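# Descriptive structure summary
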Amino acid sequence: MIRVVVVRDEGYFGVPVRAFLETEPDMHYVDTLPISGDLAPRAAQLWPAVVVIDTEYMVSQVLPIADELHTAIPSCSMLLLCDPSKRGMLPPRRWNGGLNFLVKGSPPTVLADAVRRLARGERVVSPMLQAASLNTDRGLSTRELEVLGLAAEGDSVKEIAGRLYLSGGTVRNYLSAIISKTGARNRLDAIRIARKEGWLR
């Protein structure tokens, strides 16, 4: 049986993924957890083989969450359901992490197949999302989007460094690069520009 945990933000009320997973005979829906500061340790206690992230958060906001889940559960695969019609919901062009991507609202058979492939150790990236991502030039790297996303949430340089396992100097270098690439006056202006461009929510 494939143990599956669903992760959702509390303000999102789309069609529950669990309704699809519970009909599959080879899958065991374990629980739905809200996105919160203690998500990773709570998920680790449930020993999932696959975590399905069903949220309205932008990809840049999910990346740090995925990093924390991967650190807490290294053997677990993660699947993010994305809506390509919304800004900030496309896979990063240079993303090499453990996060996989499927179109939100995919047929139940497609979702179930993706979960099975992940449980076998395969990677899953929807061709539609991959093509849309290649046709979009954000100008910022995945790591820069992660750093900027945390800065937008109000995290200090020290807090960002701790969450991403970087040194404070490296975080400051990323922030300087972001300001330069976006043509911003400062960090707050860079966040404003990124939100306007749809890179951050």
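Rules behind the numbers
Residues numbered from 1 in each chain as written. Predicted model: local features only at pLDDT ≥ 70, side-chain atom pairs only at ≥ 80, totals over all residues. Heavy atoms only, no water. Axes fitted to C-alpha atoms, helices over the stretch in contact; angles between N-to-C directions. Helix = DSSP H or I, 4+ residues; strand = E, 2+ residues; numbered from the N terminus. Parallel < 35°, antiparallel > 145°, perpendicular 65-115°, else oblique. Left-handed = near helix turned anticlockwise from the far one by under 90°. Contact = heavy atoms within 4.5 Å. Pairing = 2+ DSSP bridges. Salt bridge = Lys/Arg side-chain N within 4 Å of Asp/Glu carboxyl O. Buried < 20%, exposed > 50% of the residue type's maximum accessible area, 1.4 Å probe, protein only.

Where an unreviewed UniProt entry is consulted, the chain appears under the name LuxR family transcriptional regulator, with the organism given as Actinoplanes utahensis.

## What about the packing of helix α8 (residues 168–182) against helix α9 (residues 187–196)?
Close contact between α8 and α9 brings their axes to 9 Å; oriented N to C, the two are set at 55°. Of the possible angle classes, the one that applies to α8 and α9 is oblique. As α8 packs across α9, the resulting crossing turns out to be left-handed. From α8, Leu175, Ile178, Ile179 and Thr182 reach across to α9, where they touch Arg187, Ala190 and Ile193.

## Overview of the sheet that holds strand β2 (residues 27–34)
If you walk across this open sheet you meet the five strands as β2-β1-β3-β4-β5, and the pairing is parallel. Of all the strands in the sheet, the pair left with one neighbour each is β2 and β5 (99–103). Along the sheet, successive strands turn relative to each other by an average axial angle of 25°, direction set aside. Bridge count between strand β1 (residues 2–8) and strand β3 (residues 50–54): five bridges; the pairing is parallel. Residue valine 6 lies in a different strand from β3, and its bridge partner there is valine 52. Packing against the sheet, helix α3 (residues 59–72) makes contact with β3, β4 (77–82) and β5, and its axis sits at approximately 165° to β4. Lying on the sheet, helix α4 (residues 108–119) is in contact with β1, β2, β3, β4 and β5; it crosses β4 at an angle near 155°.

## Some details on the pattern of salt bridges
Counted under the stated rule, the structure contains 13 salt bridges. The residue arginine 116 makes a salt bridge to aspartate 26 at a minimum N-O spacing of 2.7 Å. Taken together, the positions of arginine 116 in helix α4 and aspartate 26 in the loop between α1 (18–21) and β2 put the pair 90 residues apart, joining distant regions of the chain. On the basis of relative accessible area, aspartate 26 is assigned to the partly exposed category, the value being 26%. Note that arginine 117 and glutamate 122 form a salt bridge whose closest N and O atoms lie 3.2 Å from each other. Because the salt bridges share partners, they merge into one network encompassing Glu68, Glu153, Asp155 and Arg163.

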